[in-house]
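Structural overview for review
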Amino acid sequence: MANGKIFISYRREDTSGESGRLKDKLEQVFGQENIFYDVETLEAGLNFDQSIAKALGESKVLLAMIGPHWLKVADSKGVLRLQKEDDWVRKEIAEALRRELRVIPILVNGAEMPGREDLPSDLKELSLKHAQELSSSRWNYDVGELTKVLEKIIAKKPEPKPQPKPNPAPFPTPDPQPKSWLVKNYLWILGGVVAFSVLIAMCSDPDTDTYPIEDTNTLSAETPTDGSGAATNPASPPDLQESDTQTGEDYDFDLAGEWSLYLNGQKVSVFAFSQNGASVAYYEYDLLNQRTGEGKGLLDGEFLEMDYYSTATAVSGTISMSTQNSGQSWAGTIYFPASGVSAQVELAKY
């Protein structure tokens, strides 16, 4: 836009830092070519008076930066500079008023608008102008408000056109990573047990209980039965014999009851615990209530160590777990020494 510059008039002894900071902000919105800032804009060797007049002729707005010392700055003889006819700040503002440019007083860091009686005759009109405030404590907000006013007068610089992105070269399909032995085989084994159990259920008398009949010597005394010796709750915990009990340092947590076992975030079985002090024992049941494993272990503070034996696959291992939430859940690792495979598992209250 022709004749569309913003002229920043300031006194170095008063608002040099704020004026430079404002210039940088306005250049981001209106473009560097549309901001006149004498220190950087004037070329060496040019007539200062003529250059200022030329810049004002290309401008639509003059920002008169007024700080706390704007009226008080004096020369070496003690004469107030604003009262001298050859003072450049006075000449800039007076010429802008004469040309009928939009002159906006910018009050910086608590400065007050000068009264008409404080101004020389060619600047008295300045006291009638509505001012904008700039404060260091709310700089971004104040500059934003000033920018809204200037956008009504000066055209913003055009937004850069987005460049089309080149089509990325296709990435080769990565080779699938081999799964661990436990992931490949545990779910397969579980699926086989489920399928076998379903087959048995299909071939059995529908009135016959499909749960396994537990040895009554290994069931808890509190385990309900249906009168035939079979547990009505398939996740019945085993009793601990006196020979099974061990002494741990700490066993504040109660594991007795039913817990869900999760492998890779998926529920795969139910552990039924019995407990005597620090000693625990358990049976493992699949999701069709068929017993698939058993083991014993020891609580020691926030740690639980157990051996593991799969009655379905005859695979032995160890389980090491800990709790971070006062025994509400347990997380750790199941390890199979024969294959050297381990996996992350979790126990949560059933």
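Residues numbered from 1 in each chain as written. Predicted model: local features only at pLDDT ≥ 70, side-chain atom pairs only at ≥ 80, totals over all residues. Heavy atoms only, no water.

Under the annotation held in an unreviewed UniProt entry, the protein chain carries the name Toll/interleukin-1 receptor domain-containing protein and is attributed to Algoriphagus oliviformis.

Glancing now at the sheet that holds strand S5 (residues 132-134). Neighbouring strands of a sheet are bound in pairs by backbone hydrogen bonds; such pairs are parallel or else antiparallel. Spatial strand order, S2-S1-S3-S4-S5: five strands in an open sheet with parallel pairing. Each edge of the sheet is formed by a strand with only one pairing partner; in this case those strands are strand S2 (35-36) and S5. Pairing of strand S3 (residues 59-66) with strand S4 (residues 102-108), which is carried by six bridges, proceeds in the parallel orientation. Note that in S4 the partner of Ile66 across the bridge is Leu107. (Pairing = 2+ DSSP bridges. Helix = DSSP H or I, 4+ residues; strand = E, 2+ residues; numbered from the N terminus.)

Of the two faces of strand S11 (residues 316-322), only one is covered, namely that formed by Gly317, Ile319 and Met321; the face formed by Ser316, Thr318, Ser320 and Ser322 stays uncovered. Both strand S10 (residues 303-310) and S11 contribute to a ladder of seven bridges, which runs antiparallel. Across the sheet, the residue bridging to Leu304 is Met321, located in S11. In textbook terms, the turn of a hairpin is the stretch between consecutive antiparallel strands, and for S10 and S11 this stretch comprises five residues, one of which, Ala314, has a positive phi near 60°. Taken together, the five bridges between S11 and strand S12 (residues 329-336) define a ladder with antiparallel strand orientation. (Buried < 20%, exposed > 50% of the residue type's maximum accessible area, 1.4 Å probe, protein only.)

Here the focus is the sheet that holds S10. The sheet built from eight strands closes into a barrel, its strands ordered S6-S7-S8-S9-S10-S11-S12-S13 with antiparallel pairing. Between one strand and the next, the sheet's axes are offset by a mean angle of 30°, whatever the strand orientation. (Axes fitted to C-alpha atoms, helices over the stretch in contact; angles between N-to-C directions.)

In the contact formed by helix H3 (residues 48-57) and helix H4 (residues 88-98), the axes pass within 10 Å of each other and the chain directions differ by 35°. As for how H3 packs across H4, the hand of that crossing is right-handed. Counted together, Phe48, Asp49, Ile52 and Leu56 of H3 and Trp88, Lys91, Glu92, Glu95 and Ala96 of H4 form the full contact between these two elements. Class assignment for the residues of the contact of H3 with H4 results in five nonpolar, no polar and four charged. (Left-handed = near helix turned anticlockwise from the far one by under 90°. Contact = heavy atoms within 4.5 Å. Nonpolar A, V, L, I, M, F, W, Y, C, P; charged D, E, K, R; others polar.)

With that out of the way, let us pick up the nonpolar core. Within the largest apolar cluster, 23 residues are counted, with the highest numbers of intra-cluster contacts made by Leu255, Phe271, Phe273, Met306, Ile319, Trp330 and Leu347. Looking at this core, the elements that each hand over two or more residues are strand S6 (257-263), strand S7 (266-276), strand S8 (279-285), S10, S11, S12 and strand S13 (341-349). Setting aside anything within four residues of it in sequence, one finds Met306 in contact with Phe271, Phe273, Val280, Tyr282, Lys296, Gly297, Thr318 and Ile319. (Core = buried A, V, L, I, M, F, W, Y, C linked by side-chain atoms within 4.5 Å.)

A separate point is the pattern of salt bridges. Where charged atoms from two side chains of opposite charge come close, those side chains can pair. For the structure shown, the criterion picks out 16 salt bridges. Linked through salt bridges whose partners overlap, the residues forming this network are Lys5, Lys54 and Glu58. (Salt bridge = Lys/Arg side-chain N within 4 Å of Asp/Glu carboxyl O.)

Taken as a whole and judged by the stated rule, the model has seven aromatic pairs. Consider the rings of Tyr308 and Phe336, whose centres lie 6.2 Å apart with planes at 85°: the pair is edge-to-face. Of this pair, Tyr308 sits in strand S10 while Phe336 sits in strand S12, and the two are 28 residues apart along the sequence. Within the aromatic cluster, the residues linked to one another by ring pairs are Phe271, Phe273 and Tyr282. Across the ring face of Tyr37, the terminal group of Lys23 is positioned such that the distance to the ring centre comes to 5.7 Å. (Phe/Tyr/Trp six-rings, centres within 6.5 Å; stacked < 30°, edge-to-face > 60°. Lys NZ or Arg CZ within 6 Å of the ring centre and 35° of its normal.)

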